[in-house]
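Tertiary structure, described
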There are 2 protein chains.
Amino acid sequence: MTTESALTPEQILGAAEDVLRRFGPSKATVVDIARALGVSHGSVYRHFPSKAALREAVTQRWLDQAHDSLQAVAEEGGPAGERLHRFLGTLFAAKRRKALDDPELFATYLVLVAEHSDTVAGHLEVLTGQVARIVADGVAQGEFADLPVPATARAVFQAMAHFHDPAHAAEWADEGRSTEDFEALWRLISEGLRRP
Amino acid sequence: MTTESALTPEQILGAAEDVLRRFGPSKATVVDIARALGVSHGSVYRHFPSKAALREAVTQRWLDQAHDSLQAVAEEGGPAGERLHRFLGTLFAAKRRKALDDPELFATYLVLVAEHSDTVAGHLEVLTGQVARIVADGVAQGEFADLPVPATARAVFQAMAHFHDPAHAAEWADEGRSTEDFEALWRLISEGLRRP
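Being a predicted model, the structure only gives us computed values, none of them experimental.

1. Things to note about the UniProt feature "domain: HTH tetR-type" (unreviewed entry) in chain A
- As annotated in UniProt, the feature "domain: HTH tetR-type" (unreviewed entry) corresponds to residues 6–66 of chain A in the numbering used here.
- The annotated region residues 6–66 of chain A carries 70% helix and 0% strand content, and the separation between its end C-alpha atoms amounts to 27 Å.

As structure tokens, this is what we get:
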């Protein structure tokens, strides 16, 4: 039971995630979410003007979960190659955890993600921008070759799709194998970035 | 109308593809395929012992469509880098054509492919083996660095997933953009392969 006046968007999003997990994305309603919180559905609508807006906010929150730790890595100092390796490894670990620790919720989110292609595009733009920041540092410091930054960041991000795109989640189950594959691919990419 | 005695597996597979395109994978039956050929369903079963075997053969045929031209590229002589670029470009073009020229049939095949993971695994093994052959030539000729061949072939193939895995088909619609992306990623990979 939540006091209506103290209801925060974060509480609503948390309850929405529970309801989505329980009922699935096609059946979950705003009334279910309000009931789980012990408030009227009007209280939910006060924060999110429509069911679509609420679903989008839930999707955004899910996509952004590893965002803070990734931003921190992107902003670290030190050699760009090591930082990029850490960034891509952190990203892979976060996606892998989501896919394997709670497969039902992951499947639910894949449905939501397919509905909100703009939200996903924004999320990918943030990630590619973080990669670009590290690539730019590497080029500026002379650690990387003199590469065009945005195109190279995009290429690095696409090259690693196997290790962050949910479409490949089924291939992440074998941790030993996928870690080996990640490192082999990283070696290829990092050689490709280095100043000759 | 086909004479039963002259009925070839290839004719059955062609008819099965038409029926799958028309009825979709959940509704297409062996009786529909036999009817399209003007033969009894017994004649179809003489070549394919079960509906599952027939669906698997159709899937295999679809996966192998670009196989001969890819094998020819893998076996060409000349510089390994150029050959690998041509191989990956031919693969991307073939997958792209399948996805964009006949989207309904493509969607149908994605359903079949999901049912036949062993068939897909075999297909991917053949492709990775062809990449390995080119990488081995590049290493032997001293054009590429002294890299472990199977792991590197696997890494190259995974790096290019964006440009051959059907999971990424939605991202191939913009030909100019995806060609640019392909070339940017290829430059990174080819730099990574080269002898320093």
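2. Details of the UniProt feature "DNA-binding region" (unreviewed entry) in chain A
- UniProt marks residues 29–48 of chain A with the feature "DNA-binding region" (unreviewed entry), using the numbering shown here.
- Regarding residues 29–48 of chain A, the helix share stands at 75% and the strand share at 0%, and the terminal C-alpha atoms are separated by 13 Å.

3. Brief notes about the side chain of A:Thr108
Residues and elements named next belong to chain A.
- Positionally, Thr108 belongs in helix H7 (residues 103–115).
- For Thr108, a relative accessible area of 6% corresponds to the buried category.
- With residues near it in sequence (within four places) discarded, Thr108 still touches Leu20 and Pro25.

4. Here's the deal with the interface of chain B and chain A
- On the chain A side, the residues contacting the 22 residues of chain B number 22 residues.
- Of the roughly 1800 Å² buried where chain B meets chain A, counting both sides, 62% is carbon and sulfur surface.
- Taken as a group, B:Arg154, B:Gln158 and B:Leu188 account for 32% of the area that chain B buries against chain A, more than any other trio of residues on that side.
- Taken together, chain B and chain A are joined by 2 salt bridges.
- Of the charged contacts, one joins A:Arg154 and B:Asp181 as a salt bridge, the two residues approaching to 2.7 Å between their closest N and O atoms.
- Mapped by element, the contributors of at least two residues to the side of chain B that touches chain A are helix H9 (149–159) and helix H10 (175–193) of chain B.

5. A closer look at the pattern of salt bridges
All names here are of chain A.
- Taken as a whole, this structure holds 24 salt bridges over all chains when the rule is applied.
- Where Arg86 meets Glu76, a salt bridge forms, and the shortest distance between an N and an O atom there is 2.3 Å. Linking Arg86 in helix H6 (residues 80–101) with Glu76 in the loop between helix H5 (67–75) and H6, this pair joins segments that are 10 residues apart in sequence.
- Members of the salt-bridge network, linked through shared partners, are Glu10, Glu17 and Arg61.

6. Some remarks on the packing of helix H5 (residues 67–75) of chain B against helix H8 (residues 117–140) of chain B
Residue and element names in this part refer to chain B.
- Axis separation between H5 and H8 bottoms out at 9 Å; the angle between their running directions is 20°. Comparing the axis directions of H5 and H8 gives the class roughly parallel. Of the two possible hands of crossing, H5 and H8 adopt the one that is left-handed. Across the interface between the two elements, His67, Leu70, Gln71, Ala74 and Glu75 of H5 pack against Val126, Leu127, Gln130, Arg133 and Ile134 of H8.
- Of the residues in the contact of H5 with H8, the class split is 5 nonpolar, 3 polar and 2 charged.

Reading guide: rules and limits
Numbering of residues begins from 1 in every chain and follows the order in which that chain's sequence is written. Chains and ligands are labelled sequentially in the order written, the chains with letters from A and the ligands with numbers from 1. Given that the model is predicted, a residue must reach a pLDDT of at least 70 before its local features are reported, and side-chain atom pairs must reach 80 or more before they are shown or counted; all residues, however, enter totals for whole chains, interfaces and linings. Each side-chain value is worked out from all heavy atoms of the structure, with water and hydrogens disregarded. UniProt positions are given in the numbering used here, feature names are shortened, and annotations may be inferred rather than shown by experiment. Numbering of helices and strands runs from the N terminus; a helix is a DSSP stretch of H or I covering at least four residues, while a strand is a stretch of E covering at least two. Relative accessibility under 20% of the residue-type maximum defines a buried residue, over 50% an exposed one, and the middle range a partly exposed one, all with a 1.4 Å probe and only protein chains included. It only takes one pair of heavy atoms within 4.5 Å for two residues to be counted as in contact. By buried area we mean the combined loss of accessible area, with a 1.4 Å probe, across both parts when two parts are placed together. Definition used for salt bridges: Asp or Glu carboxyl oxygen within 4 Å of a side-chain nitrogen of Lys or Arg. Here an angle of 0 to 180 degrees is reported between the N-to-C directions of two axes, which are lines fitted to C-alpha atoms, with helices fitted over the stretch in contact. Throughout, the term roughly parallel applies to angles under 35 degrees, roughly antiparallel to angles over 145, roughly perpendicular to angles from 65 to 115, and oblique to all others. By convention, the crossing between two helices is left-handed when the near helix turns anticlockwise from the far helix through less than a right angle, and right-handed when the turn is clockwise. In this classification, the charged set is Asp, Glu, Lys and Arg, the nonpolar set is Ala, Val, Leu, Ile, Met, Phe, Trp, Tyr, Cys and Pro, and all remaining amino acids, among them Gly, are polar.

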